[in-house]
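Close look at the chain arrangement
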Amino acid sequence: MKNKSTKVTIILFTSLIVIIILSLRVSWLNYFQVETLDPAESGFIDLTDAVLSEGNFYSLEGEWHFHPEKWVDPGNITETSTTADVPSNWPDELLNYDHSMIGKGSYQLQVDLPEDFTDEAGIRFYEIIAAAEVYVNGQLVYKRNDLNHSWEDRGLKRGPIDIYFKPPENEILNIVIHVSNFNQTAQGGIHRDIFISSAEQIRSLSFLSKALQLSVGIIFILHALYAFTLYFLQKKYAQTFLVTFGFMLLLFASGVFMDDETLYMPPLTMSEHYRLLLMIFLTTLFVMFKIISNIFNVSKWNNRVILILFISLLGIALLFPYENLKVLVRLIIVLYPIIIGLMLYVTVSSIVKGNKYGYFILAFLLAYSSNIFWGALIKTNVIQIPFYPFDFIFSMVALIGLVLKRHSDVTGENEKQADIIIQNEKSKDSFLANTAHELRNPLHGIMVINETLLNHLHTKPKEAIEKDLILSHKIALQMKYILNDLQDYTLLKEQRLRIDRQPVNIQAVITTITDILMYQRNRNSVQFRINLPSDLPAAHGDEQRLFQIFYNVLHNAVKFTEEGEIVITASSSENVLHITIADSGGGIDKKDLERVLNPYEQGAGSSQGGIGLGLNISRELTLLHDGEFSINSLEREGVTVHIKLPAADGKTISNEIISSGNPNKMDLASTYDEKVSDLPKVLVVDDNPLNLDILEKALYPEFNVVKASSGEEGLVKLSRETFYLVISDVMMAEMSGYEFTRNVRKHYDLAELPILHLTARQHTDDLVAGLNSGANDYVSKPIERDELLARVRTLINMKRAAYEKVETEAAWLQAQIKPHFLYNTMNAIASLSQTDPDRMIDLLYEFGSYLKNSFQLPPENGLISLNEELKIIKPYLYIEQSRFPEKLEVIYDIQNADTIFIPRLAIQTLVENAVNHGALKNKGEGIVRVTSRYNGQKATIVISDNGYGNAQKLTELLENQQTTGVGLVNAHTRIKFINGKGLTIEKNSYGGISIIISLPGGDHFDNN
């Protein structure tokens, strides 16, 4: 319910921010709206109806005359011309240069001005690439950059151009613009809007835009200096957030000064200038993510991924060929919304989780996204307005609000901590007195018993001594419980206790606890009645801590109930579990209900010992799980505890039963083919089917595993079959492992049928309860397979050598991407960048795919589908074909690739051999064929080449393992564990050799 309310708040907040941002932007657009008249046609535009004297803006867009490859005489134009649309890039096809957009030309437009307009007029060109001379009626009125500039020229000016002139007497305005571009390949000519108005209005517009841009930049710098000053003045206590925040503001300022009106143009070449802008924008994105990461505690793994992406993009921006820079710009345009979307997702997720700073970041990201979106529209000439400052201001206000909020919270937290310290100092004496009292009493009891034993050791009967020792042990256990509670309370109080959330079977937890308590109390006057529905969902929490919650509550119920029953019921609704534990004990007086939940508090008249932490710890652990904990009671009418916990919401119960330390050891389960009828038979009992399957794989191929999904089914199987060993999970619903073991011991003693318990808990009480119920040994989860096998072998008294595990070298082969292959591939990419950029991009894509799939971790059983293997093979062969286009042909004839499973990288190794030692050795055109078939019973994969290999000799060397290459031997050995014979090598009809892999069907593929 809380999450739903938070999501509604986020939607309303986002809507409000978007409405404010859009309202301001639309108002700005309307204020600077351009009047619309008919566009120019054939180099002429009629503005006789324009009202320039009132300060209106009119666009000069339309068809202008264009003279390619020449700068015409502005006073005497006789040359023929074509037309070009303005604003847009000039017609590249008319320019005789190797690179796109490189060239020169002249634009011409005749404007018919209104008769009543006699004031000075002005025209604003938002950008002309890259050098220009503007003539009005034959007179030069503006010049920007040298028309004969080159790639190496530094400090070339950018940004809008404003010109001013007196209207001619005949109201006919002839505009000629000489343009050249010899240093930009992405754009050229007059590619952005042109407005005409009165000179006063153009000056006002230019001043406003530059003043706003300068003001925003200065504000950013001042606040950045303020952030740095705060950091260095309070360096001992300040957080690095201030440094990151200040650095981001400096990046914002740099971008503002160097873009739009271009208030500052560094003395760089145009190539260096664009690379610098790209690096500023990329670094800004990265610093934004670091701020969000700092606030929301983003995982180290995600931070590393973003850092690698950032460094990669920076490297590409520095090294990417300038003439193809527009390709990189398109890539960054695609990445921008993805990264911004990721930051929005992290922000919203953190708000849902209760992070109070998320709304500031959300407002900042929305304003920043708005600025990026509208900036893209301006750069692509969809709209054209003066510099718009409010997105920047809104972003900065949101960030400053965040800084002030954090500062306020830190100050408040410091004051709160100071109050807590003062309060703790006051309560320390009381705490020490309570603890000393509770520890002194049992310690004094132990001392008295021991002293009595020492004084009467030779006179007391054996039975009396045994009774005193048992009493001493019970008192020591009481002290242990007190110390355990103190430790957990300390962790909770200091907020250092962490929970590992996963789906937990509450039925199994409660059933196990009741078994332990009934054994510990050893009295029949108190009975448990468990009414839990069979379809009760799993709880979403930490299994160890949930066990502790219910153990404390049930232990209290047993302790304070002399006779009667303890009833446990449960239900679920709206992804919440409701568990109720009601006892028939003495109850708690109403006035004591809240007090008993406080630390070191017990009910009035309690004589059961302890320091009163159990219920407090249970409540705090429940709250830590986002649950609820409450108590209802009337004196002499028992106590009812209500616990609410979040349900697992469809998640499967954790089955991390086998540690993932060495996945290669599980490979045998899918390759071993021996009959299991003569193997020692082991009964495995667990109510989680997936755990049964994992245990079966762990014990295979040494043992014949029979599975039972409950204690009742296990007892039935025991009555019908003979087993060497029983392996039972302790925590099962309906019948726990303890109860199951006690039932088995009614018919078999410890020697006749060993029982091995699997337990997730390692507390002494649990282990003692298991061993006393009749178990021979136990293994703690998550289980190390080696430990499990060692204990199983010991319990069934067999000294059987383990099958030699498959010695996988997939990881080694994976690391052996040959340096010369990388070197040759990079050379091929570099070569294509000069001759065929499109093929270079394709080759980069395939090379990336090859590396990505080569470094993926294999599954636990080491087998992947042929389709997955082809994701490595095909990029590899594409790269080799790109390097040797005339010497290598590849033919694929693939069927059933998704249903054929092979050891990872085995086929890739054979394909590399076919290319390097087969096809490329052919003096003509080398051919490599990859074929696959599967008929349901048998799968066949064939790798063929037309080289000069000797099949017979290679087979002999392979059988004797005398080949110089490790890869072929490794592939042969790994395939042999599946089919029993390894690779088959034959001479083929193409003159080369064929390597044939035959794989069994049926179970081999079903198991994968």
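Residues numbered from 1 in each chain as written. Predicted model: local features only at pLDDT ≥ 70, side-chain atom pairs only at ≥ 80, totals over all residues. Heavy atoms only, no water.

Inclusion rule: UniProt positions are given in the numbering used here, feature names are shortened, and annotations may be inferred rather than shown by experiment.
As recorded in an unreviewed UniProt entry, the protein chain goes by histidine kinase and comes from Salipaludibacillus aurantiacus. The heading Catalytic activity (unreviewed entry) in the UniProt record of the protein chain holds the text "ATP + protein L-histidine = ADP + protein N-phospho-L-histidine."

Quick notes on the overall build of the protein chain
For the record, the criterion: Secondary structure follows DSSP: runs of H or I at least 4 residues long count as helices, runs of E at least 2 residues long count as strands, and numbering of each begins at the N terminus. Per-residue and other accessible areas were derived by the Shrake-Rupley procedure at a 1.4 Å probe size, with only the shown protein chains allowed to occlude residues.
Scanning the protein chain for helices and strands turns up 26 helices and 30 strands. Counting only carbon and sulfur atoms, one obtains 54% of the accessible surface of the protein chain, whose full area is about 50100 Å².

A short note on the nonpolar core
Let me state the cut-off plainly: Among buried residues, those of type Ala, Val, Leu, Ile, Met, Phe, Trp, Tyr and Cys that are joined through side-chain atoms within 4.5 Å constitute a nonpolar core. The buried label applies to any residue whose accessible area, calculated with a 1.4 Å probe on protein chains only, is under 20% of its type's maximum; exposed applies above 50%, and partly exposed to all values in between. Whether two residues are in contact is decided by their heavy atoms: any pair within 4.5 Å suffices.
Within the largest apolar cluster, 71 residues are counted, with the highest numbers of intra-cluster contacts made by Phe220, Met248, Met288 and Met343. Of all the secondary structure elements, the ones that give two or more residues to this core are helix 1 (2-31), helix 2 (199-233), helix 3 (240-258), helix 4 (270-296), helix 5 (300-319), helix 6 (325-352), helix 7 (358-379) and helix 8 (390-455). Residue contributions to this core peak at 15 residues, all from helix 4. Not counting residues up to four positions away in its chain, the partners in contact with methionine 343 are Leu285, Met288, Phe289, Ile292 and Leu365. If you look at the next biggest cluster of nonpolar residues, it comprises 45 residues, including Met840, Ala897, Ala914 and Ile997.

With respect to the UniProt feature "modified residue: 4-aspartylphosphate" (unreviewed entry) in the protein chain
Within this numbering scheme, the UniProt entry marks Asp729 as carrying the feature "modified residue: 4-aspartylphosphate" (unreviewed entry). Among the structural elements, aspartate 729 can be located in strand 21 (residues 725-729). Judged by its relative accessible area of 5%, aspartate 729 falls in the buried class. When residues no more than four places from it in sequence are discounted, the contact partners of aspartate 729 are Val685, Asp686, Gly737, Leu758 and Lys781.

Here we look at unusual backbone geometry
The residue after valine 86, namely proline 87, is reached through a cis peptide bond having omega 5°. Here proline 87 shows up in the loop between strand 4 (82-86) and strand 5 (103-112). Residue alanine 130 is bonded to the preceding isoleucine 129 through a cis peptide linkage, with omega at -5°. Position of alanine 130 relative to the elements: it lies in the loop between strand 6 (121-125) and strand 7 (131-136). Positive phi, normally seen in glycine, also occurs at asparagine 137, with a value near 50°. Tracing the chain through its elements places asparagine 137 in the loop between strand 7 and strand 8 (139-144).

Some points on the sheet that holds strand 2 (residues 58-59)
Defined as follows: Whether two strands pair comes down to DSSP finding at least two bridges between them.
Across the sheet, which stays open at both edges, the 4 strands sit in the order 2-11-6-9 with antiparallel pairing between neighbours. The sheet terminates laterally at strand 2 and strand 9 (161-165), the two strands that pair on one side only.

Description of the environment of glutamate 200
If you trace the backbone, glutamate 200 turns up in helix 2. On the basis of relative accessible area, glutamate 200 is assigned to the exposed category, the value being 64%. Sequence spacing of glutamate 200 and alanine 121 is 79 residues, and the spatial spacing of their C-alpha atoms is 7.8 Å.

Details of the sheet that holds strand 13 (residues 526-531)
Put simply, the test is: Helix axes use the C-alpha atoms of the stretch in contact, all axes being lines fitted to C-alpha atoms, and the angles between their N-to-C directions lie in the range 0 to 180 degrees.
Pairing is mixed across the open sheet formed by 5 strands, whose spatial order is 13-15-16-18-17. The open sheet terminates on both sides in strands that have one partner only, identified here as strand 13 and strand 17 (628-633). Averaged over all adjacent pairs, the angle separating strand axes in this sheet is 15°, with direction ignored. The strands touched by helix 11 (residues 543-559) within the sheet are strand 13, strand 15 (564-573), strand 16 (576-582), strand 17 and strand 18 (639-646), with strand 18 carrying the most contacts at an inclination of about 170°. Packing against the sheet, helix 12 (residues 614-624) makes contact with strand 17 and strand 18, and its axis sits at approximately 140° to strand 17.

Here's the deal with helix 18 (residues 785-795)
For clarity, the threshold we go by: Think of the arc as the fan of directions from the helix axis to the C-beta atoms.
Every buried residue of helix 18 is accounted for by Arg785, Leu788, Leu789, Val792 and Leu795. One face of helix 18 carries all of its buried residues, which in axial projection span an arc of 130°. Buried residues along helix 18 sit against helix 14 (689-699), strand 21, strand 22 (755-759) and strand 23 (777-780).

Describing the packing of aromatic side chains
This is how the line gets drawn: Pairs were defined over the aromatic rings of Phe, Tyr and Trp, the Trp ring being its six-membered one, requiring ring centres within 6.5 Å. Orientation was assigned from the angle between planes: stacked under 30 degrees, edge-to-face over 60, tilted for the rest. Lysine and arginine charges are scored as sitting over a ring when NZ or CZ, respectively, is within 6 Å of the ring centre and within 35 degrees of the ring normal.
Inspection of every chain in the model, using the stated rule, returns 21 aromatic pairs. Between phenylalanine 66 and tryptophan 90, the ring centres sit 6.1 Å apart and the planes meet at 55°, which makes this aromatic pair tilted. Remark: tryptophan 90 occurs in the loop between strand 4 and strand 5 and phenylalanine 66 occurs in strand 3 (residues 62-68); sequence separation between them is 24 residues. Among the residues examined, phenylalanine 66 registers a relative accessible area of 0% and is labelled buried. With relative accessibility at 2%, the residue tryptophan 90 sits in the buried group. Each ring, one from phenylalanine 387 and one from phenylalanine 392, has its centre 5.8 Å from the other, and the planes form 15°; the classification is stacked. The pair phenylalanine 387 / phenylalanine 392 is uniform in exposure class, with both members buried. Each residue in the set Phe220, Phe252, Phe364, Tyr368, Phe387 and Phe392 is aromatic and connected to the rest through ring pairs, giving one cluster. Sitting over the face of the ring of tyrosine 357, arginine 406 holds its NZ or CZ atom 5.6 Å from the ring centroid.

Quick look at the pattern of salt bridges
What counts, and what does not: Take a side-chain nitrogen of Lys or Arg and a carboxyl oxygen of Asp or Glu: if they are within 4 Å of each other, that pair is a salt bridge.
For the structure on display, the rule yields 23 salt bridges. The salt bridge partner of arginine 124 is glutamate 261, with a shortest N-O separation of 2.9 Å. Pair noted here: arginine 124 is in strand 6 and glutamate 261 is in the loop between helix 3 and helix 4, with a separation of 137 residues, a long-range link. Look at the salt bridges and you will find they share partners, linking Arg124, Asp162 and Glu261 into a network.

Thoughts on the packing of helix 11 against helix 12
What counts is decided by this rule: Each crossing gets its hand from how the near helix is turned against the far one by less than a right angle, where anticlockwise is left-handed and clockwise is right-handed. Under this grouping Gly is polar, as are all residues other than the nonpolar Ala, Val, Leu, Ile, Met, Phe, Trp, Tyr, Cys and Pro and the charged Asp, Glu, Lys and Arg.
Relative orientation of the contacting elements helix 11 and helix 12 amounts to 145°, with a least axis distance of 9 Å. With respect to the hand of their crossing, helix 11 and helix 12 are arranged in left-handed fashion. Mapping the contact onto sequence places Arg545, Gln548, Ile549, Asn552, Val553 and Asn556 in helix 11 and Gly614, Leu615, Ile617, Ser618, Leu621 and Thr622 in helix 12. For the contact of helix 11 with helix 12, a count of residues per class yields 5 nonpolar, 6 polar and 1 charged.

Notes on the environment of glutamine 895
Mapped onto the secondary structure, glutamine 895 falls in the loop between strand 25 (888-893) and strand 26 (901-903). Owing to a relative accessible area of 37%, glutamine 895 belongs among the partly exposed residues under this scheme. Remark: the alpha-carbon pair of glutamine 895 and leucine 866, spanning 29 residues in sequence, is separated by 9.7 Å. The residues touching glutamine 895, leaving out its near neighbours within four places in the chain, are Ile900, Ser932 and Arg933.

A word on the packing of helix 4 against helix 6
Quick reminder of the rule: An angle counts as roughly parallel when it lies under 35 degrees, as roughly antiparallel when it exceeds 145, as roughly perpendicular when it falls between 65 and 115, and as oblique in every other case.
The interhelical angle for the contact between helix 4 and helix 6, taken along N-to-C directions, is 15°, at an axis separation of 11 Å. Here helix 4 is positioned roughly parallel relative to helix 6, judged by the angle of their axes. In the packing of helix 4 onto helix 6, the handedness of the crossing is left-handed. Contacts between helix 4 and helix 6 involve Tyr274, Arg275, Leu278, Phe281, Leu282, Leu285, Met288, Phe289, Ile292 and Phe296 on the former and, on the latter, Leu325, Leu328, Ile332, Tyr336, Ile339, Ile340, Leu342, Met343, Val346, Thr347 and Ser350. Residues of the contact of helix 4 with helix 6, tallied by class, amount to 18 nonpolar, 2 polar and 1 charged.

Some remarks on the side chain of serine 633
Definition in use: Within 3.5 Å is the distance limit for a polar contact, defined as a pair of N or O atoms, with the added protein rule that one can donate a hydrogen and the other accept it, and that residues adjacent in sequence qualify only through two side-chain atoms.
On the secondary structure map, serine 633 appears in strand 17. Taking the relative accessible area as the measure of exposure, serine 633 reaches 9% and is therefore buried. A distance of 2.8 Å separates a polar side-chain atom of serine 633 from the backbone oxygen of glycine 638.

As for the side chain of serine 293
Structurally, serine 293 is set in helix 4. What makes serine 293 buried here is its relative accessible area of 7%. Setting aside chain neighbours within four positions, we find serine 293 in contact with Val298 and Asn303.

A look at the pairing of strand 6
Burial of strand 6 is extensive: 5 of the 5 residues sit out of reach of the surface. In this sheet, strand 9 lies alongside strand 6 in antiparallel orientation, the contact comprising 5 bridges. Paired with alanine 121 across the two strands is phenylalanine 165, which belongs to strand 9. As paired elements, strand 6 and strand 11 (residues 194-198) share 5 bridges and run antiparallel to each other. Bridged to alanine 121 within strand 11 is serine 198.

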